Amino acid sequence: MFSFAESAVNAGENVYQLSVRLGVSAGEAAKFNRIMQFTGVDTQTAATAFTRLDRTLVKGGKSADAMQAYLSQYGVSLKAANGNLLPLNQQIDAMAKGYERAKAEGKGEEFVMQTMGNRGMELIKTFENLKTAKEAAAKVKTTGLNINQMHDAYVDMQALKMQASQLQLSLASAFAPLVQELMPMIMPALQKLAQYIKENKETLASLAVNGAKEYIANISKPHKERLFGVFGAKLVEAGAPITAYLRNYSNKKMTSRLNLPYNKEIGLPEALPFSAKSGEVLIGLGYIPKGTKVLSKRLIAGTGTNVPIHTALPKLMNSYGIDYKWQKWVGTIESDVYSFDIHWYFHRKAGYVSFKLKHRKNKI
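Model, not experiment: these values are computed from the prediction.

Undergrad: Any chance you could break down the overall build of the chain for me, citing the residues and the numbers?
TA: Across its full length, the chain holds 14 helices and seven strands. Of the contacts made within the chain by residues no fewer than 6 positions apart, 58% connect residues no fewer than 24 positions apart. Put simply, the chain shows about 22400 Å² of open surface, and 55% of that area lies on carbon and sulfur atoms.

Encoded structure:
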């Protein structure tokens, strides 16, 4: 009975949590969830993107004014006449229409990046297929789950699981003396197993890797990207080692491979001048020569991170005539006298551009 009910309870709990997170009714949350499923977009990713956009508009100030001004360029308003935010699924309709207008100007991707953020780029699939998704979702006959009842059942089931774990501990305590008697017989077998693993570790490792590859080959694209990151997923699909890009591997902090330092050096394409600070006497030339190597590079914003590139992104896209997939990097240049922090932008089709001396620190 527990197993039979669990799938319905979990489904109801998921909708309950989504409705609480988004501050909408259960019906709105369920409809939102169905549309995302039909368009192949992760529901949590979409919810986060809309929540971030709504917070920007609600909190007021310069950020809200700038966002509203940008939306207005494409005829989008996410507020009703009384100033309150529109219901979530009406916001999706409005954003889809804004995307179509921006796309007609060749700025569809820029529109989504500026409003929904880097992670929200996945919503392009929803905006382009919204009409079909809504028609398909309308045909679905829902089960009429009472999500409040399912939430209460979920809480009760979690309590039951906790009680069961306590019973397991009690049974383990009761059987501990028996285990103690059996250990002398079990230990030799475990020692033989350890020896076997030692002698055949390469074969066993290959079996594990092949099993992992088979599993990864059969999961969805969003699932792969959660495991490896966007770029890591592509590299693993191309045959790169799984453990090189797997997040949380060996208890490491979850991180994208793009946040790790590169070993490759980059030479400055042009000299970077710097001037004396108040009361300072410069030592040397007063500029970093062209071709100087930039070291310890690290990705700090743009594609591959959770941090969007704000002001510079439209300028980069217009200047180079390419898409939104820009990155912002930071590196250092060390001399005997100074330590320099250098920032620049990167795109696979443009290379390394717009180098800028951000900070200078005196060593002496």
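Undergrad: With reference to specific residues and values, describe the pattern of salt bridges.
TA: According to the stated counting rule, one finds four salt bridges in the structure shown. The partner of E128 in a salt bridge is K103, and the shortest N-O contact between them spans 3.2 Å. Of the two residues, E128 is situated in helix α7 (residues 124–128) and K103 in helix α5 (residues 88–104); the sequence distance between them amounts to 25 residues. Since its relative accessible area comes to 38%, E128 is described here as partly exposed. Of the residues examined, K103 reaches a relative accessible area of 43% and is grouped as partly exposed. Residue E280 is joined to R360 by a salt bridge in which the shortest nitrogen-to-oxygen separation is 2.9 Å. With a gap of 80 residues between them, E280 in the loop between β2 (272–273) and β3 (287–288) and R360 in strand β7 (residues 351–362) connect regions that are remote in the sequence.

Undergrad: I'd like a description of the nonpolar core, backed by residues and values.
TA: F50, M95, F111, L123 and W326 are the most contacted members of the largest nonpolar core, which totals 44 residues. Breaking this core down by element, the ones donating at least two residues are α2 (26–38), α3 (43–59), α4 (61–72), α5, α6 (108–116), α7, α8 (130–139) and α14 (312–320). If near-sequence neighbours (up to four positions away) are discounted, L123 is found in contact with M36, V41, A46, A49, F50 and M116. The next biggest cluster of nonpolar side chains, apart from the first, holds 17 residues, and it includes L299, V337, I342 and W344.

Undergrad: Please give an account of the environment of G83 that cites residues and values.
TA: Topologically, G83 is positioned in the loop between α4 and α5. Since its relative accessible area comes to 37%, G83 is described here as partly exposed. Sequence spacing of G83 and V58 is 25 residues, and the spatial spacing of their C-alpha atoms is 9.6 Å.

Undergrad: An account of unusual backbone geometry is needed here, citing residue identities and associated values.
TA: Positive phi outside glycine occurs at S354, with the angle close to 55 degrees. With respect to the helices, strands and loops of the structure, S354 is situated in strand β7. By relative accessible area, which is 40% here, S354 ends up partly exposed.

Undergrad: Tell me what's going on with the pairing of strand β6 (residues 338–347), and back it up with residues and numbers.
TA: When you tally the buried positions in β6, you get nine out of ten residues, the bulk of the element. Here eight bridges tie strand β5 (residues 327–334) to β6, and the two strands are oriented antiparallel to one another. Counted as the bridge partner of T332 is D341 from β6. Where β5 folds back on β6, the antiparallel hairpin that results is connected by three residues. Relative to β7, β6 is paired through nine bridges, and the arrangement is antiparallel.

Undergrad: Could you give me a rundown of a positive patch on the surface, with the residues and numbers involved?
TA: On the surface, K125, K221, K234, K325, R348 and K349 cluster together into a patch of positive charge. For K234, a relative accessible area of 42% gives the class partly exposed.

Undergrad: I'd love a proper account of the packing of α4 against α6, names of residues and values included.
TA: In the contact formed by α4 and α6, the axes pass within 11 Å of each other and the chain directions differ by 155 degrees. Taken together, the axes of α4 and α6 lie roughly antiparallel to each other. Judged by the sense of rotation from one axis to the other, the crossing of α4 with α6 is left-handed. Contacts from M67, Y70 and L71 of α4 reach α6 at E110, F111, Q114 and T115. Its residues assigned to classes, the contact of α4 with α6 shows four nonpolar, two polar and one charged.

Undergrad: Pulling in residues and values, what's your account of the layout of surface pockets?
TA: If you add up the space inside the second largest pocket, you get close to 560 Å³. Lining of the second largest pocket is provided by 22 residues; of these, T56, M67, Q114, P308 and H310 occupy positions nearest its centre. Elements that contribute at least two residues to the lining of the second largest pocket include exactly α3, α4 and α6. A per-element tally of the lining of the second largest pocket places α6 first, with five residues. Looking at the lining of the second largest pocket, its residues break down into nine nonpolar, nine polar and four charged.

Undergrad: Any chance you could break down the packing of aromatic side chains for me, citing the residues and the numbers?
TA: As enumerated under the stated definition, the model contains eleven aromatic pairs in all. Each ring, one from Y338 and one from F340, has its centre 5.8 Å from the other, and the planes form 55 degrees; the classification is tilted. As far as the burial class goes, Y338 and F340 line up, both buried. Among the aromatic residues, those joined into a ring-pair cluster are Y70, Y74 and F111. Over the ring of Y338 we find R360, and its NZ or CZ is 5.0 Å from the ring centre.

Cut-offs used in this document
- Residues numbered from 1 in each chain as written.
- Predicted model: local features only at pLDDT ≥ 70, side-chain atom pairs only at ≥ 80, totals over all residues.
- Heavy atoms only, no water.
- Helix = DSSP H or I, 4+ residues; strand = E, 2+ residues; numbered from the N terminus.
- Contact = heavy atoms within 4.5 Å.
- Areas by Shrake-Rupley, 256 points an atom, 1.4 Å probe, with all protein chains shown as cover.
- Salt bridge = Lys/Arg side-chain N within 4 Å of Asp/Glu carboxyl O.
- Buried < 20%, exposed > 50% of the residue type's maximum accessible area, 1.4 Å probe, protein only.
- Core = buried A, V, L, I, M, F, W, Y, C linked by side-chain atoms within 4.5 Å.
- Pairing = 2+ DSSP bridges.
- Patch = residues over 30% accessible without salt bridge, like charges linked within 9 Å, V, L, I, M, F, W, Y side chains within 5 Å.
- Lys, Arg positive; Asp, Glu negative; His and termini not counted.
- Charge placed at Lys NZ, Arg CZ, Asp CG, Glu CD.
- Axes fitted to C-alpha atoms, helices over the stretch in contact; angles between N-to-C directions.
- Parallel < 35°, antiparallel > 145°, perpendicular 65-115°, else oblique.
- Left-handed = near helix turned anticlockwise from the far one by under 90°.
- Nonpolar A, V, L, I, M, F, W, Y, C, P; charged D, E, K, R; others polar.
- 1 Å grid on protein atoms, 1.4 Å probe; cavity = no way out; pocket = protein on both sides within 12 Å on 5 of 7 lines; lining within 4 Å.
- Points joined across faces, edges and corners; volume = space filled by probe spheres on them.
- Phe/Tyr/Trp six-rings, centres within 6.5 Å; stacked < 30°, edge-to-face > 60°.
- Lys NZ or Arg CZ within 6 Å of the ring centre and 35° of its normal.

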